[in-house]
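Overview (structure and organization)
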Amino acid sequence: MNRRTAAFAAALMAAALSAPALAADAPQGGAPKGDNTMGAWNRNMETSVYPTDPMASLLMVRTPIPGGVHIHCTGKFKTGGLIDYTVDVLYDGKDYPSHGVGASYATLAITPIDANHQLSTSKRDKYVMNGQAEITPDGKHMIITQVGAFASGAPGGFKIIWDKQ
């Protein structure tokens, strides 16, 4: 693991360790008041950092469901294949399955910290990523950073920038 990846992992671990204290804003098993992750988000392909990124475009629409979020992603791979998957996640930190085609993960778990921050874990076989979603102060961007193991089992991480639509 290089120094940049190690520093990135350390920062994420610090955020994860502080989460229980910050989670007081979120009701048990529910979204924090004013969950700012809701809405339509377009993945910024130019500013996102993802090694060997297979995607050409991705739109994520997040809508509230009782106690959590419904996520619907659509887009295209660089190879031309379509991306179209959904996942309903309760905000209880448990794993919930994705359905459809193109998701990098088979399950997703989300734990809210406050209206602008959420911890997450995504998994599929050897692919296991832990990270955080953060809404920028102006509300125009969501930054998702994750670190862990890619599908090959190799360690690494990524930073995805989403632009609010």
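Quick look at unusual backbone geometry now. Trans peptide bonds make up the majority, and among non-glycine residues the majority have a negative phi. Phi at Thr 52 takes a positive value of approximately 45°, unusual for a residue other than glycine. Position of Thr 52 relative to the elements: it lies in the loop between strand 1 (39–43) and strand 2 (55–65). Positive phi outside glycine occurs at Asp 125, with the angle close to 50°. With respect to the helices, strands and loops of the structure, Asp 125 is situated in the loop between strand 7 (117–124) and strand 8 (127–135). By relative accessible area, Asp 125 is classed as exposed at 76%.

To continue, consider the sheet that holds strand 9 (residues 141–149). Read around the closed barrel, ten strands run 1-2-3-4-5-6-7-8-9-10, paired in antiparallel fashion. Strand-to-strand twist in this sheet, taken as the mean axis angle between neighbours without regard to direction, amounts to 25°. The sheet contact formed by strand 2 and strand 3 (residues 68–77) spans ten bridges and is antiparallel. Of the residues in strand 3, the one forming a bridge with Val 61 is His 72.

A few words on the layout of surface pockets. Looking at the largest pocket, its volume works out to about 550 Å³. At the level of elements, strand 2, strand 3, strand 6 (107–114), strand 7, strand 8, strand 9 and strand 10 (155–164) are the ones that each hand at least two residues to the lining of the largest pocket. In terms of residues, the lining of the largest pocket owes the most to one element, strand 7, which gives five residues. Among the residues making up the lining of the largest pocket, the classes are represented as 21 nonpolar, six polar and four charged.

Per-residue pLDDT for the protein chain has a mean of 86; in total, 81% of the residues score no lower than 70. In this model residues 1–29 is a low-confidence stretch, pLDDT under 50, and it forms 32 contacts with partners more than four residues away in sequence or in other chains.

It is worth spelling out the nonpolar core at this point. Formed by 28 residues in total, the largest nonpolar core has its most connected members in Ile 71, Met 142 and Trp 162. Of all the secondary structure elements, the ones that give two or more residues to this core are strand 2, strand 3, strand 4 (82–90), strand 6, strand 8, strand 9 and strand 10. Those residues within four positions of Met 142 in sequence are excluded, and the remaining contacts are Thr 37, Trp 41, Met 60, Arg 62, Ala 133, Glu 134, Ile 135, Ile 160, Ile 161 and Trp 162.

Another point: the pattern of salt bridges. With the rule as written, the count across this model stands at two salt bridges. Note that Arg 43 and Asp 53 form a salt bridge whose closest N and O atoms lie 2.5 Å from each other. Of this pair, Arg 43 sits in strand 1 while Asp 53 is found in the loop between strand 1 and strand 2, placing the two residues ten residues apart along the sequence. Taking the relative accessible area as the measure of exposure, Arg 43 reaches 6% and is therefore buried. You can call Asp 53 buried: its relative accessible area is 15%.

Basis of the calculations
- Residue indices follow the written sequence of each chain, beginning from 1 at its first position.
- Reporting in this predicted model follows two pLDDT cut-offs: at least 70 for local features of residues, and 80 or more for side-chain atom pairs to be given and counted; totals over whole chains, interfaces and linings ignore these cut-offs and use all residues.
- Values reported for side chains reflect all heavy atoms of the structure, with hydrogen atoms and water molecules removed beforehand.
- Helix numbering and strand numbering both begin at the N terminus, where a helix is a DSSP run of H or I of at least 4 residues and a strand a DSSP run of E of at least 2.
- Only protein chains enter the accessibility calculation, which uses a 1.4 Å probe; a residue whose area is less than 20% of its type maximum is buried, one above 50% is exposed, and one in between is partly exposed.
- Strand pairing is assigned whenever DSSP detects at least two bridges linking the two strands.
- As a rule, the C-alpha atoms of each element are fitted with a line to give its axis, helices using only the stretch in contact, and angles between N-to-C directions run from 0 to 180 degrees.
- Buriedness of a pocket was judged along seven lines, with at least five required to meet protein on both sides within 12 Å; pockets are open sets of points on a 1 Å grid over the protein atoms alone, cavities are sets where a 1.4 Å probe fits but cannot get out, and lining residues have an atom within 4 Å of a point.
- Grid points are joined across faces, edges and corners, and a volume is the space filled by probe spheres set on the points.
- Under the convention adopted here, Pro, Cys and the residues Ala, Val, Leu, Ile, Met, Phe, Trp and Tyr are nonpolar, Asp, Glu, Lys and Arg are charged, and Gly plus all remaining residues are polar.
- The pLDDT score gives, residue by residue, the confidence of the prediction method on a 0 to 100 scale.
- We call two residues contacting when some pair of their heavy atoms lies within 4.5 Å.
- Throughout, nonpolar core names a set of buried Ala, Val, Leu, Ile, Met, Phe, Trp, Tyr and Cys residues whose side chains join them through atoms within 4.5 Å.
- Basic side-chain nitrogens of Lys or Arg form a salt bridge, by our definition, when they fall within 4 Å of a carboxyl oxygen of Asp or Glu.

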